[in-house]
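These are the residues of each chain, in order.
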Amino acid sequence: MKILLLGKTGLLGSEFPEILEKAQIEFVAPSHIELDLLDFAKVDQFLAGNFFDKILYCAAYTDVDKAETERGLCERMNVKALENILTHRRPIIHFSTDYVFNAPPNFSIPEDYERKTLNFYGQSKLQAEKLLETSNVPFWNVRPSWLFGKNKENFVTKILKLSQEQDVLKIVGDQIGRPTSTKDLAEFVVQNFLLKTQEVGHFHLQNSGNPVSWAEFAKYFLKKKNWDGEIREISSDELEAKVIRPKNSVLQNTKLPENLRDWQEAVDEFLGIIL
Ligand SMILES: NC(=O)c1ccc[n+]([C@@H]2O[C@H](COP(=O)([O-])OP(=O)(O)OC[C@H]3O[C@@H](n4cnc5c(N)ncnc54)[C@H](OP(=O)(O)O)[C@@H]3O)[C@@H](O)[C@H]2O)c1
């Protein structure tokens, strides 16, 4: 088996090389500079000259706020670049997001729940999902959420840094989800989507455990760090963000026989590595 890993410098993509090596899976992982996915001619040439059993597609445009003003770039990257890759008809593991939903609170969203987006980033990822569905290419579309990992800045590392500078942190309390470890997610993907045969389709993968708000999540790991500042919970409206984000990011896995471990355990391990 030979894998093409795209997006190897990303928060999620950067977890894969070590895990693939350990599993003794052969892979090629060109960087953004080596293979710009927006250079369709170059991508075509590369894929025509190299055979891969599966593509592990971790590349994406992920800046939710900037996407509103960089709509062209966001759409080219999340939709057109994928469309170009799909013309090469290689089975693909693609990552989508909780942002394809706008579900009511206190509800775990199953994989086939009606998709409705609240912002341009979400819209581009929904377009990507629809492309996969109509492509006739075998696809496994994994929707995670709230990723944290050691290789790139994320909510945990950002809040830890802010906690060293400020005594009061204002954090949103009305967006609910489940934090997800990039390491757990990547290991699960290799075990269940590369080393095992899986029916194609959409999959929900988050760490398990009780859903929390961003504020509750921050309280959890700042308490572990014995931070004595104050977390002030604010509403999404008070944040005055330019982009509307989903209030409910609790995804239900109804298809895979196993779940990822509890997010608290994963966060504890993560803190042990980075602190
Ligand atoms: N982060 C989250 O909380 C979260 C939540 C739910 C779903 N997801 C999904 O999970 C996937 C991975 O997210 P992530 O947070 O790991 O993303 P990320 O950190 O932003 O990484 C994106 C990757 O794409 C590469 N890339 C961007 N433009 C490219 C281009 N034109 N050509 C080649 N490579 C390009 C980047 O390379 P450079 O850095 O070198 O430009 C980087 O390696 C995405 O599909 C995202 O939608 C993420």
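Every value quoted in this text rests on a predicted model; they were computed, and no experiment measured them.

### With respect to the overall build of the protein
(1) Moving on: Secondary structure summary: the protein contains 10 helices and 15 strands in total.
(2) Moving on: Expected size for 275 residues packed as a compact globule is a radius of gyration near 19 Å; at 19 Å, the protein falls within 12% of this value.
(3) Moving on: When burial is assessed residue by residue, the protein has 39% of its 275 residues classed as buried.
(4) Moving on: Considering only contacts within the protein whose residues lie at least 6 apart along the sequence, 82% involve residues at least 24 apart.

### Observations concerning the site of the ligand
(1) Moving on: In the region of the ligand, 23 residues are neighbours, and Gly10, Leu12, His32, Ala60 and Leu147 sit closest.
(2) Moving on: Considering only residue class, the shell around the ligand consists of 12 nonpolar, 8 polar and 3 charged.

### Description of the pairing of strand E4 (residues 92-95)
(1) Moving on: Residues Ile92 and His94 line one face of E4 and the alternating positions Ile93 and Phe95 line the opposite face, and both faces are buried.
(2) Moving on: Where strand E3 (residues 54-57) and E4 come together, 3 bridges link them in parallel fashion. By the bridge assignment, Ile55 is partnered in E4 with Ile92.
(3) Moving on: As defined by bridge partners, E4 adjoins strand E5 (residues 139-143) across 4 bridges and the pair is classed as parallel. In the sheet register, His94 faces E5, and the bridge partner there is Asn141.
(4) Moving on: Crossover E4 to E5 through helix H5 (residues 120-134) is right-handed.

### Things to note about the sheet that holds strand E14 (residues 248-249)
(1) Moving on: Strand order in the open sheet formed by 3 strands is E12-E8-E14, with mixed pairing between adjacent strands. Because the sheet does not close on itself, it has two edges, and the strands there are strand E12 (212-213) and E14.

### Details of the nonpolar core
(1) Moving on: Counting 68 residues, the largest nonpolar core has Leu5, Leu6, Leu56, Tyr57 and Cys58 as its most contacted members.
(2) Moving on: Setting aside residues up to four positions removed in sequence, Cys58 forms contacts with Leu5, Leu6, Gly7, Gly10, Leu12, Gly13 and Phe95.

### Thoughts on the sheet that holds strand E1 (residues 2-6)
(1) Moving on: Strands sit in the order E2-E1-E3-E4-E5-E10 across an open sheet of 6 strands; the sheet is parallel. Strands with a single pairing partner mark the edges of an open sheet, and in this sheet they are strand E2 (26-28) and strand E10 (201-204). Taken over all neighbouring pairs, the strand axes of this sheet differ in orientation by 25° on average, direction set aside.
(2) Moving on: As judged from the 4 bridges shared by E5 and E10, these two strands associate in the parallel manner. Bridging from a neighbouring strand, Trp140 pairs with Gly201 of E10.

### A word on the packing of helix H4 (residues 71-86) against H5
(1) Moving on: Orientation of H4 relative to H5, taken along the N-to-C sense of each, is 10°, at an axis distance of 9 Å. By the angle between their directions, the pair H4 and H5 is classed as roughly parallel. Only Phe120, Tyr121, Ser124, Lys125, Gln127, Ala128 and Leu131 of H5 make contact with H4, whose side of the interface consists of Arg71, Cys74, Glu75, Asn78, Val79, Leu82, Glu83 and Leu86.

### Considering unusual backbone geometry
(1) Moving on: We note that Arg89 has phi near 60°; this positive angle belongs to a residue other than glycine.
(2) Moving on: Examined against the element boundaries, Arg89 turns out to sit in the loop between H4 and E4.
(3) Moving on: With phi around 55°, Asn106 is a residue other than glycine that occupies positive phi space.
(4) Moving on: Looking at the secondary structure, you find Asn106 in the loop between E4 and H5.
(5) Moving on: The exposed category is assigned to Asn106, around which 9 C-beta atoms lie within 10 Å.

### Focus on the environment of Leu37
(1) Moving on: Its place among the elements puts Leu37 in the loop between E2 and helix H2 (40-49).
(2) Moving on: Residue classification places Leu37 among the buried residues on the basis of 21 C-beta atoms within 10 Å.
(3) Moving on: Residues within four places of Leu37 in sequence aside, it is in contact with Leu6, Val43, Ala59, Met77 and Ala81.

### Examining the packing of helix H8 (residues 214-224) against helix H10 (residues 263-274)
(1) Moving on: Interhelical geometry of H8 versus H10 gives an angle of 45° and a closest axis separation of 11 Å. Looking at the two axes, H8 sits oblique to H10. The chirality of how H8 crosses H10 is right-handed. Across the interface between the two elements, Tyr220, Phe221 and Lys224 from H8 touch Gln264, Val267 and Leu271 from H10.
(2) Moving on: Grouping the constituent residues of the contact of H8 with H10 by class yields 4 nonpolar, 1 polar and 1 charged.

Calculation notes
- Residues numbered from 1 in each chain as written.
- Predicted model: local features only at pLDDT ≥ 70, side-chain atom pairs only at ≥ 80, totals over all residues.
- Helix = DSSP H or I, 4+ residues; strand = E, 2+ residues; numbered from the N terminus.
- Rg over C-alpha atoms; globule rule 2.2 N^0.38 Å.
- Buried ≥ 20, exposed ≤ 12 C-beta atoms within 10 Å, placed from the backbone.
- Contact = placed C-beta atoms within 7 Å.
- Near = placed C-beta within 6 Å.
- Nonpolar A, V, L, I, M, F, W, Y, C, P; charged D, E, K, R; others polar.
- Pairing = 2+ DSSP bridges.
- Right-handed = clockwise from strand over helix to strand, strands pointing away.
- Core = buried A, V, L, I, M, F, W, Y, C linked by C-beta atoms within 7 Å.
- Axes fitted to C-alpha atoms, helices over the stretch in contact; angles between N-to-C directions.
- Parallel < 35°, antiparallel > 145°, perpendicular 65-115°, else oblique.
- Left-handed = near helix turned anticlockwise from the far one by under 90°.

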